[in-house]
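# Results of the structural survey
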Amino acid sequence: QVHLVESGGGLVQAGGSLRLSCSASESSVRTYAMAWFRQTPGAEREFVAGIDWSGNKLNYGDSVKGRFTISREDAWNTVYLQMNSLKPEDTALYYCNAGSSGPAPGMFWGQGTQVTVSS
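In this report, we go over the structure that sits alongside the text. Predicted model, so just to flag it, every value in this text is computed and none were measured.

Quick look at the overall build of the protein now. A tally of helices and strands in the protein yields 0 helices and 11 strands. When the elements of the protein are put in sequence order from the N terminus, they spell out β-β-β-β-β-β-β-β-β-β-β. On the principal axes, the C-alpha backbone points of the protein span a range of 40 × 25 × 25 Å. Taking all 119 residues of the protein together, 45% fall into the buried category. Accessible area of the protein: about 6,100 Å², with a carbon and sulfur share of 49%. Separation between the mean location of the 9 positive side-chain charges and that of the 10 negative ones in the protein comes to 3 Å.

Pasting the structure below:
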């Protein structure tokens, strides 16, 4: 069983940046492909970014290509999502997911961290 905890969300103005972190106490997370998803009220869950177990193969949703970057640091059992040039439509609850690099999710989810982008 993998337990994931997201952090780094908050309120930011349009054009700003945030860096989200997803950490696990279990070192076994280093063997999993990882992904970020997001969801807003009244909308379906959306794939954001994914990374394979080695950190060498990256995958992004069309809406964030060129603006977001996913990476992983195995020494700290952590996956990051660097979010630049944020737009109001990026406002969502962001979830970390283990077991897939997307777009279909793996079976392990964190509780989520809220990102709000103001105009």
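Turning next to the sheet that holds strand β1 (residues 4-7). One key point about sheets: their strands pair by backbone hydrogen bonds, in either a parallel or an antiparallel sense. One open sheet holds the 4 strands; their spatial order is β1-β3-β8-β7, and the pairing between them is antiparallel. Either end of the sheet is taken by a strand with one partner, and the two such strands are β1 and β7 (68-73). Ignoring which end each strand starts from, the neighbouring axes of this sheet average 15° apart. For β7 and strand β8 (residues 78-83), the ladder comprises 6 bridges, and the chain directions are antiparallel. Counted as the bridge partner of R72 is V79 from β8.

In this model, G102 is joined to P103 through a cis peptide bond whose omega is 0°. If you trace the backbone, P103 turns up in the loop between β9 (92-98) and β10 (108-109). Even without glycine at this site, N77 takes up a positive phi of about 50°. In this structure, N77 sits in the loop between β7 and β8. Given the relative accessible area of 12%, N77 is considered buried. The phi torsion at S85 lies on the positive side, around 50°, for a residue other than glycine. When you line up the elements, S85 lands in the loop between β8 and β9.

Under the defined criterion, the tally for this structure stands at 4 aromatic pairs. When the ring of Y32 is compared with that of F108, the centres are 5.9 Å apart and the planes differ by 85°; the resulting orientation is edge-to-face. With a gap of 76 residues between them, Y32 in the loop between β3 (18-24) and β4 (34-39) and F108 in strand β10 connect regions that are remote in the sequence. F108 gets classed as buried once you look at its relative accessible area, which sits at 8%. One aromatic cluster is present, built from ring pairs that chain together F37, F47, Y95 and W109. R19 extends its terminal NZ or CZ atom over the ring of Y80, reaching a point 3.9 Å from the ring centre. Taking the ring centre of F37 as reference, the NZ or CZ of R45 above it sits at 5.7 Å.

About the criteria used
Residues numbered from 1 in each chain as written. Predicted model: local features only at pLDDT ≥ 70, side-chain atom pairs only at ≥ 80, totals over all residues. Heavy atoms only, no water. Helix = DSSP H or I, 4+ residues; strand = E, 2+ residues; numbered from the N terminus. Buried < 20%, exposed > 50% of the residue type's maximum accessible area, 1.4 Å probe, protein only. Areas by Shrake-Rupley, 256 points an atom, 1.4 Å probe, with all protein chains shown as cover. Lys, Arg positive; Asp, Glu negative; His and termini not counted. Charge placed at Lys NZ, Arg CZ, Asp CG, Glu CD. Pairing = 2+ DSSP bridges. Axes fitted to C-alpha atoms, helices over the stretch in contact; angles between N-to-C directions. Phe/Tyr/Trp six-rings, centres within 6.5 Å; stacked < 30°, edge-to-face > 60°. Lys NZ or Arg CZ within 6 Å of the ring centre and 35° of its normal.

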